[in-house]
Amino acid sequence: MPTVDDILEHIGDFHFFQKQTFFLLSLLSVTFAPIYVGIVFLGFTPDHRCRNPGVAGLSQRCGWSRDEELNYTVPGLGAEGDAFTRQCRRYEVDWNQSALGCVDPLAGLATNSSHLPLGPCGHGWVYDSPGSSIVTEFNLVCSNSWMLDLVQSAVNVGFFIGSMGIGYIADRFGRKLCLLITILINATSGVLMAISPTYTWMLIFRLIQGLVSKAGWVIGYILITEFVGLSYRRTVGILYQAAFTMGLLVLTGVAYALPHWRWLQFTVTLPNFCFLLYYWCLPESPRWLITQNKNAKAMKIIKHIAKKNRKRLPASLQSLRPDEEVGKKLDPSFLDLVRTPQIRKHTLILMYNWFTSSVLYQGLIMHMGLAGGDIYLDFFYSALVEFPAALIIILTIDRIGRRYPWAGSNMVAGAACLASVFIPDDLQWLKVTVACLGRMGITLAYEMVCLVNTELYPTFIRNLGVLVCSSMCDIGGILTPFLVYRLTDVWHELPLMVFAVVGLIAGGLVLLLPETKGKTLPETIEEVENMQRPRKSKEKMIYLQVKKLDIPLS
């Protein structure tokens, strides 16, 4: 009996139906971008200073300019590297007292203003920003700055928990039902986050968004790869990730037009409600239906695909069997990922590379928001360079292979981070160029680890291997906000130094993995253990054949 792949060869493995489905599911990837990295705009931290009651009245009475007001009333102004004092401390002075003069008002209180006592910002802050963010609304600065880190960590905790459960849910109840449920919860929690009255409620709804949004993105990825033929599976996977990059560009424009975080959150969430219409647009995966012994329903969907593609389904192909014949059942175990030498090496290197890709990708985006340039242009340019990364993968993986482009991309990202540390601020164009190069490198590495992970495990532990290794991506996302925002307080370029070391190590470790270009997916542990020695065994086989042929001729 034919498999689904056999039937797709006759009714179209990437024709009208698949293209339409790919477009619809790619919209899910577009709307996932604001959830994954939207913190850059939602949590933007503008320059700020302590609010001092009485300063506005004194400034108006004395006719000060804005610069004069700041110079007289803000401690640490102009002091190199003293941002904490400038932003988080205020003079313990009653600015309402009439004895204060208009020219150097603090001179009568101390011979040097540096001798005046300083205290925390007890009356809130003044923010130099025309819009608003969760930072400015909930005052997530100074001693509360860690609460901003928690917002992005919460969504990554949601990614981690949601991804761990999505495989079981989608396999147990079906791709379509699971997708629609995640869309509904994602849309609802996103809107509730936009109208949250307190920080705590906002954080809870952000966590819920994380629980379902990445799960929905993964289901979309699974669906599109199950609808297309084998030869198109890798390409649509890469293009599905490229749609995420399109979402980054859209996010930049929307954030520029809507500088208020509540309206921005509401706007990027609203399209998710439209995806509920997919109930009538997308069928269930026929491959999943076959695994559930629902062959009649699967055949009905296959006939629908054939009709959409204007193809005729031959009568000889109107019976189905699973894509993989059921043989001896093997129960996967976590120990299988570390029991044998080669698989253990693959597991450790892949886990580290998933972690690295997440830390560098999210970290570079977050650090960009702290760089002090035009955040919208910088974000737009760095998103644009992700498109060449997808093109490079498509052009190289079947020509050059996986290992060298993957290792090179990690090293380029690490080297770019290291170079950025030493580029002076007055060469802003060079800083942006190097940052874009690093962004392209880590994007390429991120997409490459998604592809190669499945090629380094035998069939019976392949899903488990991908699940365990990719979970390090979410662990990295949980830690990244604390790495970026806390290390920046020590030295602005310190996160880049950490990223450089992490990226260069990842590139070196990739070179220890076997090349998988042109190889079929391994079925057994023995095949994986022998992946490093294919050339030698092949040469030996050819040599023995030649010797056998030489004997009759002598």
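Refer to the structure above for everything that follows.
Conventions and cut-offs
- Residues numbered from 1 in each chain as written.
- Predicted model: local features only at pLDDT ≥ 70, side-chain atom pairs only at ≥ 80, totals over all residues.
- Heavy atoms only, no water.
- Salt bridge = Lys/Arg side-chain N within 4 Å of Asp/Glu carboxyl O.
- Buried < 20%, exposed > 50% of the residue type's maximum accessible area, 1.4 Å probe, protein only.
- Helix = DSSP H or I, 4+ residues; strand = E, 2+ residues; numbered from the N terminus.
- Arc of directions from axis to C-beta.
- Phe/Tyr/Trp six-rings, centres within 6.5 Å; stacked < 30°, edge-to-face > 60°.
- Lys NZ or Arg CZ within 6 Å of the ring centre and 35° of its normal.
- Polar contact = N/O pair within 3.5 Å; in protein donor to acceptor, adjacent residues only side chain to side chain.
- Contact = heavy atoms within 4.5 Å.
- Core = buried A, V, L, I, M, F, W, Y, C linked by side-chain atoms within 4.5 Å.

(A) Structural detail: the pattern of salt bridges. The full count for this structure, using the stated rule, is 11 salt bridges. Residues R90 and E92 are paired through a salt bridge, measuring 3.8 Å at the closest nitrogen-oxygen approach. Classification of R90 by relative accessible area gives buried; the value is 12%. Through salt bridges that share partners, R49, R66 and D128 make up one connected network.

(B) Highlighting helix α12 (residues 261-269). Taken together, the buried positions of α12 are W261, L264, Q265, V268 and T269. An end-on view of α12 places all buried positions within 120° of arc, on one side of the element.

(C) A look at the packing of aromatic side chains. Using the criterion set out here, one finds 26 aromatic pairs in the structure. Plain terms: the ring middles of W263 and F266 are 6.3 Å apart, the flat faces sit at 90° to each other, and that makes the pair edge-to-face. Of this pair, W263 and F266 both sit in helix α12, separated by 3 residues, roughly a single helical turn. Among the aromatic residues, those joined into a cluster by ring pairs are F32, Y36, F159, W217, Y221, Y240, F244, W354, Y361 and Y446. Over the aromatic face of Y279 sits the side chain of K176, whose NZ or CZ is 4.9 Å from the ring centroid.

(D) Main features of the side chain of D474. By secondary structure assignment, the location of D474 is in helix α22 (residues 462-490). Within polar-contact distance, the side chain of D474 engages the side chain of K214 at 2.8 Å. Sequence-distant contacts of D474, that is, excluding residues within four places in its chain, are made with N156, F159, F160, S163 and K214.

(E) Structural view of the nonpolar core. One finds Y36, I134, Y361, F379 and W406 to be the most contacted residues of the largest nonpolar core, which totals 129 residues. Tallying contributions element by element places helix α17 (residues 341-368) first for this core, with 12 residues. In contact with Y361, not counting residues within four places along its chain, are Y36, V37, F244, L248, E386, R439, I442, T443 and Y446. The next biggest cluster of nonpolar side chains, apart from the first, holds 11 residues, and it includes V55, V93, W95 and L116.

(F) Spotlight on the environment of G408. Residue position: G408 is located in helix α20 (residues 403-422). G408 sits 33 residues away from G441 along the chain, and the two C-alpha atoms are 8.0 Å apart.

(G) The arrangement of unusual backbone geometry in detail. With a phi close to 55°, N139 is a non-glycine residue in the positive phi region. Structurally, N139 can be placed in the loop between α7 (134-138) and α8 (146-173).

(H) Local environment of helix α18 (residues 375-384). Where α18 is concerned, the buried positions are I375, D378, F379, S382 and A383. For α18, the arc enclosing every buried residue in end-on projection is 130°, short of the 170-degree limit, so these residues lie on one face. Elements that come into contact with the buried residues of α18 comprise α2 (16-37), α3 (39-42), α11 (233-257), α17, α19 (386-396) and α21 (428-453).

It is worth stressing that arrangement in space is one thing and function is another; only the former is reported here.
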